[in-house]
Amino acid sequence: MTLQERDKKYLWHPLTQHKLHPEALAITKAKGCTLTDENGNEYIDAIASWYTCMYGHCNDYITHRVSEQMQQLDQVVFSGFTHKPAIELSEALINILPKNQNKIFFSDNGSTSVEIGIKMALQYHFNHGNKKNTLIAFEDGFHGDTFGAMSVSGLSVYNGPFEDFFLKVERIPVPNGKNHDAILKTLKVLADNNEVAGFVYEPLVQGAAAMKMHNADGLNQILNFCKNNNIITVADEVMTGFGKTGKHFASLHIETLPDVMCLSKALTGGLLPMALTTCSQKIYDAFYSDDIAKGLFHGHTYSANPLACTAALASIELLQTQTIQDSIKAITASHENFGNRVKNHPKVKSIRQTGIIFALDLDVEMQRYGNLRDKLFKFFMDNGVFLRPLGNTIYIQAPYVITNQELEKVYRVIEESLSIV
Ligand SMILES: *Cc1c(COP(=O)(O)O)cnc(C)c1O
């Protein structure tokens, strides 16, 4: 029996309606930008396995560092104990994070990093004697699949069974260069009529909303409003963090810095699951007290796993090398050329780009999205490229180590796909 056949017996896959999509492709190997399936077919991983493996799959430097750490210390409780990988990681992070970020809290995935960000915002006010019960978020955001994270995400048909149990959230549109005054007016009304604790947002690029991009100046105005109105700002950089936008963090493109940041995905270069919620001294100070109940009583068994910390540390070292910084610039320039090449194609409605994140909207009827997505996905895979279109959007977020030749193949296959839509 093939792996694909054996898979069906016991496995239940994420985000999958098994009746409609019964087949899962078995991947047996990954190296650099190449995924290999059980039949020996190869695919260029043009979305870096959900934006994680930015230094290439099975990166020699990262795997070597982690295998050394494995011989030394595998796992230990992080409550009451500490260890060198976590300490070194914290030092490396503070060096590259926006300068107001001063404390680092560990968890295991992007969703939990957002839960913790929400808890920090709510308890910050609670510890100051204020009970605030409302959060603000963008209309089309995505922050994960746990309850708090789902609550602050945009409304989705997939969330139907859970909506009655959500946190109280008010939503605002993203700034587009024209609606900033209207957004500020809405914010004022929301702040006057609710007890607003925090604003949770993906800075500059909204990943699951199909790489929707918004205006940095408008976002800055929103963050300033929050700052002046004691609303804690929580930047979800789970997708945008670690170089994707051309700077180490998207928040570094914006003058007003967030109080809290959520990080995961590329944090460990795709080797091991881990996430972080970082915050400013102001947030930490609100929890620092003689009163034990004012502490942040949130913890996961695998918090700050030494192997994951080592993978993250090695990844951050790679991110800061000249080689990777040069590749980020080269991919960014290459995407710009590709954008110019396709933007006037009759099937292309629009293109957009931030750093190495490139997206292209197809000019097709809304009702065809579902079928079109499957058709495009199959076309890309048949041609050896792993891309995952969202609605009518095709996007690229390839590893920083992708070669010119591989990138050219991704572009070529996307161009060819325009003739089947
Ligand atoms: C992927 C993602 C999450 C959720 O992370 P998981 O590790 O899948 O729980 C949250 N926020 C953003 C912006 C993401 O892209």
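It should be emphasised that the depicted structure is a prediction, and the values quoted were computed from it without experimental measurement.

### Brief notes about the sheet that holds strand β7 (residues 196-201)
- Read from one edge to the other, the open sheet built from seven strands follows the order β4-β12-β11-β10-β7-β5-β6, with strand pairing classed as mixed. Single-partner strands in this sheet number two, and they are β4 (101-107) and β6 (168-172). Here the strands of the sheet are splayed against their neighbours by 20 degrees on average, with no regard to which way each runs.
- Here β7 runs beside strand β10 (residues 232-236); their pairing, made up of four bridges, is parallel. Among the inter-strand pairings, Gly198 is bridged to a residue of β10, identified as Ile232.
- Strands β4, β5 (134-138), β7, β10, β11 (260-263) and β12 (275-280) of the sheet are contacted by helix α5 (residues 110-127), whose axis makes an angle of about 25 degrees with β12.
- Strands β5, β6, β7 and β10 of the sheet are contacted by helix α8 (residues 216-228), whose axis makes an angle of about 160 degrees with β7.

### So, the site of the ligand
- Taken together, the residues surrounding the ligand are Asn109, Gly110, Ser111, Phe142, His143, Gly144, Glu202, Asp236, Val238, Met239 and Lys265.
- Note that an oxygen atom of the ligand is positioned 2.8 Å from one of the backbone N or O atoms of Gly110.
- A total of 380 Å² of accessible area belongs to the ligand in isolation, and the protein chains cover 81% of it.

### Considering α5
- Its 18 residues place the ends of α5 25 Å apart at the C-alpha level, agreeing with the 26 Å of an ideal helix rising 1.5 Å per residue.
- Counting buried positions over the 18 residues of α5 gives 15, a clear majority of the element.
- If you check the start of α5, you find a side-chain oxygen 3.0 Å away from the backbone N of Ser111, and it comes from Asn109.

### Let's talk about the side chain of Thr134
- Residue position: Thr134 is located in strand β5.
- Overall, the relative accessible area of 0% leaves Thr134 in the buried class.
- A distance of 2.9 Å separates polar atoms of two side chains, one belonging to Thr134 and the other to Asn133.
- Excluding residues within four positions of it along the chain, Thr134 makes contact with Lys168, Glu170, Asn194, Glu195, Val196, Ala197 and Gly198.

### Notes on the nonpolar core
- Counting residues in each nonpolar core, the largest one holds 96 residues, and the members touching the most others are Phe199, Phe242 and Leu387.
- Sort the elements by how many residues they give to this core and helix α10 (residues 306-319) lands first, with ten residues.
- Viewed by domain, this core spans two of them, domain 1 (3-58 + 332-420) and domain 2 (63-319), each represented by three or more residues.
- Dropping the residues within four chain positions of it, Phe242 is found in contact with Tyr55, Leu93, Ile96, His248, Phe249, Leu263, Ser264, Ala266, Leu267, Ile316, Leu319 and Tyr400.
- Counting residues in hydrophobic clusters, the runner-up holds 23 residues, among them Val114, Ile116, Met120 and Val238.

### Side note on the domain arrangement of the chain
- Partitioning the chain into domains gives domain 1 (3-58 + 332-420) and domain 2 (63-319).
- Put simply, the middle of domain 1 and the middle of domain 2, counted by C-alpha atoms, are 27 Å apart.
- The interface is formed by 20 residues belonging to domain 1 together with 22 residues belonging to domain 2.
- Carbon and sulfur atoms supply 69% of the area buried between domain 1 and domain 2, which totals about 1,700 Å² over both sides.
- Along the contact surface separating domain 1 from domain 2 lie zero salt bridges.
- Run the count over domain 1 and domain 2 and you get nine residue pairs in polar contact (both at pLDDT 80 or more).
- Of all elements in the fold, only α2 (48-51), β13 (348-354), β14 (357-362) and β16 (393-396) reach the threshold of two or more residues within the side of domain 1 that touches domain 2.
- Across the side of domain 1 that touches domain 2, the residue classes break down as 13 nonpolar, six polar and one charged.

Rules of the game
- Per-chain numbering applies: the sequence of each chain, read as written, is numbered from 1 onward.
- Under the rules for a predicted model, residues below a pLDDT of 70 receive no local features and side-chain atom pairs below 80 are neither given nor counted, while totals for whole chains, interfaces and linings still include all residues.
- Where side-chain values are given, they derive from all heavy atoms of the structure, hydrogens and water being excluded.
- DSSP-based pairing: two strands are paired if at least 2 bridges between them are found.
- Elements are defined by DSSP. Helices are runs of H or I of four residues or more, strands are runs of E of two residues or more, and each kind is numbered from the N terminus.
- Between N-to-C directions, angles cover 0 to 180 degrees, with each direction set by a line fitted to C-alpha atoms, over the stretch in contact for helices.
- Any two residues whose heavy atoms approach within 4.5 Å are treated as being in contact.
- Proximity criterion: a residue is near a molecule or strand once any of its heavy atoms comes within 4 Å of it.
- Two N or O atoms form a polar contact when they lie within 3.5 Å of each other; inside protein one atom must be a possible hydrogen donor and the other a possible acceptor, and for residues adjacent in sequence the pair counts only when both atoms belong to side chains.
- Note on areas: Shrake-Rupley, 1.4 Å probe, and residue coverage restricted to the protein chains presented here.
- Helix span, expected: 1.5 Å multiplied by one less than the number of residues in the helix.
- Exposure is judged per residue with a 1.4 Å probe applied to protein chains only, and the accessible area is read against the type maximum: over 50% gives exposed, under 20% gives buried, and values in between give partly exposed.
- Here, nonpolar core means buried Ala, Val, Leu, Ile, Met, Phe, Trp, Tyr and Cys residues that are tied together by side-chain atoms lying within 4.5 Å of each other.
- The split of the chain into domains comes from an automatic or database domain assignment.
- The term buried area denotes the loss of accessible surface (1.4 Å probe radius) that occurs when two parts are joined, taken as the sum for both partners.
- Only one rule defines a salt bridge in this text: a Lys or Arg side-chain nitrogen within 4 Å of an Asp or Glu carboxyl oxygen.
- Residues are sorted three ways: Asp, Glu, Lys and Arg are charged, Ala, Val, Leu, Ile, Met, Phe, Trp, Tyr, Cys and Pro are nonpolar, and all the rest, Gly among them, are polar.

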